[in-house]
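# Survey of secondary and tertiary structure
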Amino acid sequence: MTDNNKNIEIIPLPKEQWKGTPIPLVTKTDSYYDLEISPLDKDGCKINLIKKPFEKQVVHSPEEYDFPDGLYQDHWENAEAYGVVSDDGKMLACIEVCPEEWSNRLMVTELWITEELRGQGLGKRLMDKAKEVAVAQGRRAIILETQSCNTNAIGFYLHQGFELIGFDTCCYTNNDIGRQEVRINLGYFFHREAKRR
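Below or above, wherever it landed, is the structure these notes cover. Here the structure is a predicted model, which means the values were calculated and not measured.

Another point: the overall build of the protein. Of regular secondary structure, the protein possesses three helices and nine strands. Listing every helix and strand of the protein by position from the N terminus yields β-α-β-β-β-β-β-α-β-α-β-β. Taking 2.2 N^0.38 as the reference for a compact globule, 197 residues should give roughly 16 Å; the C-alpha atoms of the protein span a radius of gyration of 18 Å, in line with that estimate. By principal-axis analysis of the C-alpha atoms, the protein measures approximately 60 × 45 × 35 Å.

Listed below in structure tokens is the structure:
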């Protein structure tokens, strides 16, 4: 993968100018991570997350959801956004981050790149910006949410040093496992404490 976007400037996207800007986040996938969980009992349980193919490509678009993605949503207090803007003022890419003060973590709430600019290293540059913000704020980790059916995004995040930190089997509906769309939580850690024995 080459980075042909080094000359493209990532700039702040101020809230007063960009609040409410829709993010046309469309995901296309031919695979998903199937979550298999045995019942929890006094001895524990077994959890497997296994990558499986879909029979045909699955496409998710903003029109499916009650709350489509947009910058600076009201529930993300103290969010800040950065991105790439065309000469005519159109947003071509963005990352939005928001501090989770009580846990001293930085949350990536949005990451989007227009299809024409994907696969050229811009995603890494945006994620590097989030890491830079986290370091400047003294955060211990960066966290984010994606879905078990968004295997391309999961692969990207793993490549950026993120790891699985959890999941939620009923975040979107009461049948997220059956729908093959389970919330997956990933984290990037700046410092690791020694494991307890």
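Now that the structure has been shown, the text picks up again.
Evaluated as defined, the whole model comprises eleven salt bridges. Each of Asp 34, Glu 36 and Lys 52 takes part in a single network of salt bridges with overlapping partners.

Among all residues save glycine, negative phi is the norm, and among peptide bonds the norm is trans. With a phi close to 55 degrees, Tyr 72 is a non-glycine residue in the positive phi region. Position of Tyr 72 relative to the elements: it lies in the loop between β3 (47-60) and β4 (80-85). The backbone of Asn 104 shows a phi angle near 55 degrees, a positive value even though the residue is not glycine. Relative to the helices and strands, Asn 104 is located in the loop between β5 (91-100) and β6 (105-113). Judged by its relative accessible area of 27%, Asn 104 is partly exposed.

Another point: the packing of aromatic side chains. Counted under the stated rule, the structure contains five aromatic pairs. Taking the centre distance of 5.2 Å and the plane angle of 75 degrees together, the rings of Tyr 188 and Phe 190 count as edge-to-face. Ring pairs connect the aromatic residues Phe 156, Tyr 157, Phe 162, Tyr 188 and Phe 190, which therefore count as one cluster. Lying over the aromatic face of Tyr 82, Lys 129 brings its terminal NZ or CZ to 4.7 Å of the ring centre.

Spatially, seven strands are ordered β1-β4-β5-β6-β7-β9-β8 in an open sheet, and the strand pairing comes out mixed. Because the sheet does not close on itself, it has two edges, and the strands there are β1 (11-12) and β8 (163-168). One ladder, built from two bridges, connects β1 with β4; its direction is antiparallel. Bridge pairing in β4 links Ile 11 to Gly 83.

Time to look at a nonpolar patch on the surface. A cluster of nonpolar residues, Ile 37, Ile 47 and Ile 177, forms a patch on the protein surface that exposes about 220 Å² of accessible area. Mapping Ile 37 onto the fold places it in strand β2 (residues 27-37). Overall, the relative accessible area of 39% leaves Ile 37 in the partly exposed class.

What follows concerns helix α3 (residues 151-159). For α3, the set of buried residues is Thr 151, Ala 153, Ile 154 and Tyr 157. Along the axis of α3, the buried residues cluster in a sector spanning 155 degrees; they form a single face. Exposed residues pointing more than 90 degrees away from the buried face of α3 are listed as Asn 152 and His 159. Those residues of α3 that are buried are in contact with β2, β3, β6, α2 (122-137), β7 (141-147) and β9 (183-189). One or two steps after α3, the chain reaches Gly 161, where phi turns positive at roughly 95 degrees.

Cut-offs used in this document
- Every chain's residues receive numbers from 1 upward, in the order its sequence appears when written.
- In keeping with the model being predicted, local features are shown solely for residues with a pLDDT of at least 70 and side-chain atom pairs are shown and tallied solely at 80 or more, while totals for entire chains, interfaces and linings include all residues.
- Neither water nor hydrogens contribute to the side-chain values; these are computed over all heavy atoms in the structure.
- Here a helix means four or more residues in a row that DSSP labels H or I, a strand means two or more in a row labelled E, and each is numbered from the N terminus.
- Note on method: radius of gyration uses C-alpha positions; expected globular size equals 2.2 Å times residues raised to 0.38.
- One speaks of a salt bridge when a side-chain nitrogen belonging to Lys or Arg is within 4 Å of a carboxyl oxygen belonging to Asp or Glu.
- Each residue is assigned to one of three classes by its accessible area relative to the maximum for its type, calculated with a 1.4 Å probe on protein chains only: buried under 20%, partly exposed between the two thresholds, exposed over 50%.
- Classification of ring pairs uses Phe, Tyr and Trp, with its six-membered ring standing for Trp, and accepts pairs whose centres are within 6.5 Å; under 30 degrees between planes counts as stacked, over 60 as edge-to-face, and the remaining range as tilted.
- A positively charged side chain is recorded as over a ring if its NZ (Lys) or CZ (Arg) lies within 6 Å of the ring centre. The angle to the ring normal must also be within 35 degrees.
- We treat two strands as partners when DSSP finds at least two bridges between them.
- Patch definition: residues with relative accessible area over 30% and no salt bridge; like charges joined within 9 Å; nonpolar side chains (Val, Leu, Ile, Met, Phe, Trp, Tyr) joined within 5 Å.
- Surface accessibility follows the Shrake-Rupley procedure with a 1.4 Å probe radius. Residue values consider only the protein chains on display as shielding.
- In this description, one arc is meant: the one made by directions from the helix axis to the C-beta atoms.
- Two residues qualify as a contact provided that any one of their heavy atoms is within 4.5 Å of a heavy atom in the partner residue.

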